[in-house]
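Fold and contact review
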Amino acid sequence: CGNDGQFARLAGVLGVGQLAADPRFATNPLRVVNRPALVALLEAELGRDTAAGWEARFAAAGVPAGLVGDIGEAISRAEGYGLDPLLQVRGAKQVRHPVRYANATTSTPTPPPALGEHDAQIRAWLAGPAEAQLDPSRSH
């Protein structure tokens, strides 16, 4: 939990609201110091239901939580929230950047390079600093 209020709500959802007042766990720094004891207590409570069951209750209480999944599950979840996580760039499916800013200009997405497509540019970039060290008259 990111703050003391979230921790109090988490403890309440788990049915162990008294943990928020426990002197060992009353603040985030104290929870960090007493982490092994806290983890043991929380794991005992979390074991009473499935991750999906807790996720719904935590969301209802304003406690940030989510299932850990693979990439396919993450894409499906984003689509379920009405997001558009994928884009097609010249036939190549790519993951869209998740953050969009109002009134921001963005570059046009490009497909992944073909094998060796940028070798010359990369070699020149890598050689640049070494050449500058050998020839002090050259500056970047």
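Coordinates for the structure precede this section.
What this report covers is the structure whose coordinates are included nearby. The model shown is predicted, which means the values in this text are computed figures rather than measured ones.

**What to know about the environment of Val 33**
- Its place among the elements puts Val 33 in helix α2 (residues 28–33).
- We classify Val 33 as exposed; its relative accessible area is 64%.
- Sequence spacing of Val 33 and Ile 71 is 38 residues, and the spatial spacing of their C-alpha atoms is 34 Å.

**Quick look at the environment of Cys 1**
- Looking at the element boundaries, Cys 1 is found in the segment before α1 (4–14).
- Through-space distance from the C-alpha of Cys 1 to that of Ala 26 is 12 Å; in sequence the pair is 25 residues apart.
- If sequence neighbours within four positions are ignored, Cys 1 has contacts with Gln 6, Phe 7, Leu 10, Asn 28 and Val 63.

**Here we look at the pairing of strand β1 (residues 86–89)**
- In this structure, β1 lies alongside strand β2 (residues 92–95), joined through four bridges in antiparallel fashion. Its bridge partner being in β2, Val 89 is matched across the sheet by Ala 92.
- A loop of two residues connects β1 with β2, the two strands running antiparallel in sequence, and Arg 90 in this loop sits at a positive phi of about 45 degrees.

**Considering the pattern of salt bridges**
- Across all of its chains, the model carries six salt bridges by this definition.
- As a salt-bridge pair, Asp 22 and Arg 24 come within 2.8 Å of each other at their nearest N and O atoms.
- A salt bridge links Asp 49 to Arg 57; the nearest nitrogen and oxygen atoms lie 2.5 Å apart.
- Exposure remark for Asp 49: the relative accessible area of 32% places this residue in the partly exposed category.

**What to know about unusual backbone geometry**
- The residue Arg 90 is not glycine, and still its phi comes out positive at about 45 degrees.
- Among the structural elements, Arg 90 can be located in the loop between β1 and β2.
- On the accessibility criterion, Arg 90 (72% relative accessible area) is exposed.
- We note that Asn 103 has phi near 60 degrees; this positive angle belongs to a residue other than glycine.

**Some details on the packing of α1 against helix α4 (residues 51–61)**
- Where α1 contacts α4, the two axes come as close as 10 Å, and the packing angle between them is 135 degrees. Classified by the angle between their axes, α1 and α4 sit oblique to one another. For the crossing formed where α1 meets α4, the hand is right-handed. Residues Arg 9, Leu 10, Val 13 and Leu 14 of α1 lie in contact with α4, whose contacting residues are Trp 54, Arg 57, Phe 58 and Ala 61.
- Taken together, the residues of the contact of α1 with α4 sort by class into six nonpolar, no polar and two charged.

**A few points about a nonpolar patch on the surface**
- Nonpolar side chains collect at one region of the surface, where Ile 122, Trp 125 and Leu 126 lie side by side and expose about 380 Å² of accessible area between them.
- Here Leu 126 shows up in helix α6 (residues 119–134).
- Taking relative accessible area as the criterion, Leu 126 reaches 53% and is therefore assigned exposed.

**Observations regarding helix α3 (residues 35–46)**
- The terminal C-alpha atoms of α3, which comprises 12 residues, lie 16 Å apart, in line with the 16 Å expected from a rise of 1.5 Å per residue.
- Buried positions along α3 lie against α1, α2 and α4.

The rules behind these values
- Residues numbered from 1 in each chain as written.
- Predicted model: local features only at pLDDT ≥ 70, side-chain atom pairs only at ≥ 80, totals over all residues.
- Heavy atoms only, no water.
- Helix = DSSP H or I, 4+ residues; strand = E, 2+ residues; numbered from the N terminus.
- Buried < 20%, exposed > 50% of the residue type's maximum accessible area, 1.4 Å probe, protein only.
- Contact = heavy atoms within 4.5 Å.
- Pairing = 2+ DSSP bridges.
- Salt bridge = Lys/Arg side-chain N within 4 Å of Asp/Glu carboxyl O.
- Axes fitted to C-alpha atoms, helices over the stretch in contact; angles between N-to-C directions.
- Parallel < 35°, antiparallel > 145°, perpendicular 65-115°, else oblique.
- Left-handed = near helix turned anticlockwise from the far one by under 90°.
- Nonpolar A, V, L, I, M, F, W, Y, C, P; charged D, E, K, R; others polar.
- Patch = residues over 30% accessible without salt bridge, like charges linked within 9 Å, V, L, I, M, F, W, Y side chains within 5 Å.
- Areas by Shrake-Rupley, 256 points an atom, 1.4 Å probe, with all protein chains shown as cover.
- Expected span 1.5 Å × (residues − 1).

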